[in-house]
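A closer look at the structure
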Amino acid sequence: METLNELREHIGDCHRCDLGDTRTRLVFGVGRTDADLMFIGEAPGRNEDLKGEPFVGAAGKLLDELLASIDLTRDDVYIANILKCRPPGNRNPLPAEIETCTPFLREQVRLVNPCVIVTLGNFATKFVLKTTAGITGLRGSVQHAGSFTVLPIFHPAAALYDISKRDTLFADFALIGQLLSACGAEGHEPVQGRLFGA
Ligand code: URA
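These numbers come from a predicted model, not from an experiment. (Residues numbered from 1 in each chain as written. Predicted model: local features only at pLDDT ≥ 70, side-chain atom pairs only at ≥ 80, totals over all residues. Heavy atoms only, no water.)

**Overview of the overall build of the protein**
Here is the rule: The helix count covers DSSP runs of H or I at least four residues long, the strand count covers runs of E at least two residues long, and both are numbered beginning at the N terminus. Our radius of gyration looks at C-alpha atoms and nothing else; its globule reference is 2.2 Å times the residue count to the power 0.38. Each residue is placed in one exposure class: buried if its accessible area under a 1.4 Å probe, protein chains only, is under 20% of its type's maximum, exposed if it is over 50%, and partly exposed if it falls in between.
Within the protein, the secondary structure is distributed over eight helices and six strands. Along its sequence from the N terminus, the protein presents helices and strands in the succession α-α-β-β-α-α-β-α-β-α-α-β-β-α. A compact globule built from 198 residues should have a C-alpha radius of gyration of about 16 Å, and the protein, at 16 Å, falls within 12% of that. Referenced to the eigenvectors of the C-alpha coordinate spread, the extents of the protein come out at roughly 40 × 40 × 30 Å. Looking at the protein as a whole, 47% of its 198 residues are labelled buried.

Given below as structure tokens:
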């Protein structure tokens, strides 16, 4: 696959796992196709399932505020999730669902080829860093996976009702600017060799 559009077409009306039976709309991902900065969340929630777009609910509003705090908008970044379909009742993704769905996320990462990947919460962090360590210990620490700089942070949904996590999120976001400036004006080297976990 050479483009995100081709990848989206390839995924089609997906029923590779049972979430295909319960979702309303598949949530592929949005944003700048050559973004330096990519966010990876967990899975669509109710609003995302209805709209077919990631982070359009309350957590998305906080994500917009966080982006604004470093002078970015959604149009500057690419946003995707570990799962492309909503788990019923917003339950956690199952290992088999993650295994079935993430080859497409890997392709998105390869095609966008960001410099910095920000993982939102435990599921994205564990997938990208191939770690069992929890987000509370890892958040705000600069990591690397393949050719990518990775910054794990709390999931914005976890900060909606927890003011201290909200403050932590804004503080961690402040790091993103520094990480992006290290990417260089020329952009970083194209992905060569192993992509994370691939
Ligand atoms: N939470 C996520 O992890 N992803 C979304 O798209 C929305 C809420």
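Let's pick the thread back up.
**Points about unusual backbone geometry**
One non-glycine residue, aspartate 71, lies in positive phi territory at about 60°. Structurally, the position occupied by aspartate 71 is in the loop between helix 4 (58-69) and strand 3 (78-81). Although it is not a glycine, asparagine 113 adopts a positive phi angle of roughly 50°. As for its placement among the helices and strands, asparagine 113 is situated in the loop between helix 5 (95-112) and strand 4 (116-120).

**Section: the state of the cysteines**
In a disulfide, the sulfur atoms of two cysteines are covalently bonded to one another. Here is the rule: Cysteine sulfur atoms are paired as a disulfide whenever they fall within 2.5 Å.
The tally for this structure, following the rule as stated, stands at one disulfide. Note that cysteine 115 is cross-linked by a disulfide to cysteine 183, the S-S spacing being 2.0 Å. Here cysteine 115 and cysteine 183 share a disulfide; its torsion about the S-S bond, -90°, makes the bridge left-handed. Of this pair, cysteine 115 sits in the loop between helix 5 and strand 4 while cysteine 183 sits in the segment after helix 8 (163-181), placing them 68 residues apart in sequence.

**A few points about the site of the ligand**
Spelled out, the test is: Each residue is tested against the molecule or strand, and it is near if at least one of its non-hydrogen atoms lies within 4 Å. Here a polar contact means two N or O atoms within 3.5 Å. Within protein one must be a hydrogen donor candidate and the other an acceptor candidate, and residues neighboring in sequence count only if both atoms are side-chain atoms. All accessible areas in this document rest on Shrake-Rupley with a 1.4 Å probe, and a residue is counted as covered only by the protein chains that are shown. Classes in brief: Ala, Val, Leu, Ile, Met, Phe, Trp, Tyr, Cys and Pro nonpolar; Asp, Glu, Lys and Arg charged; the others, Gly included, polar.
Taken together, the neighbourhood of the ligand is formed by Gly41, Glu42, Ala43, Glu48, Pro54, Phe55, Asn81 and His155. Within the contact set of the ligand, an oxygen atom lies 2.7 Å away from a backbone nitrogen or oxygen of glutamate 42. Between the ligand and phenylalanine 55, the relevant distance is 3.0 Å, taken from an oxygen atom to a main-chain nitrogen or oxygen of the residue. Contact with the protein chains hides 92% of the accessible area of the ligand, taken as 240 Å² for the molecule alone. For the shell around the ligand, the residue count by class is three nonpolar, three polar and two charged.

**Section: the sheet that holds strand 2 (residues 37-41)**
We apply this condition: Any two strands with at least two DSSP-identified bridges between them are counted as paired. The contact rule is simple, with two residues in contact once any of their heavy atoms fall within 4.5 Å. For helices, the fitted line uses only the C-alpha atoms of the stretch in contact; every axis is such a line through C-alpha atoms, and the angle between N-to-C directions lies from 0 to 180 degrees.
If you walk across this open sheet you meet the six strands as 1-3-2-4-6-5, and the pairing is mixed. Since the sheet does not close on itself, it has two edges, and those belong to strand 1 (30-31) and strand 5 (143-145), each with one partner. Relative to strand 6 (residues 148-153), strand 5 is paired through three bridges, and the arrangement is antiparallel. Bridged to glutamine 143 within strand 6 is valine 150. On the sheet, helix 5 packs against strand 2, strand 3, strand 4 and strand 6 and is oriented at approximately 170° with respect to strand 2.

**Comments concerning helix 1 (residues 4-11)**
Owing to its 3.6 residues per turn, the α-helix brings residues three or four apart onto one side. Definition in use: Working note: the arc is built from the helix axis to C-beta atom directions.
Turning to helix 1, its buried residues number three or more, namely Leu4, Leu7 and Ile11. The buried side chains of helix 1 occupy one side of the element, clustering within an arc of 55° when seen end-on. Projecting away from the buried face of helix 1 at angles above 90 degrees are the exposed residues Asn5 and Glu9. Where helix 1 is buried, its residues meet strand 3 and helix 5. Looking one or two residues past helix 1, glycine 12 carries a phi angle of roughly 60°, positive in sign.

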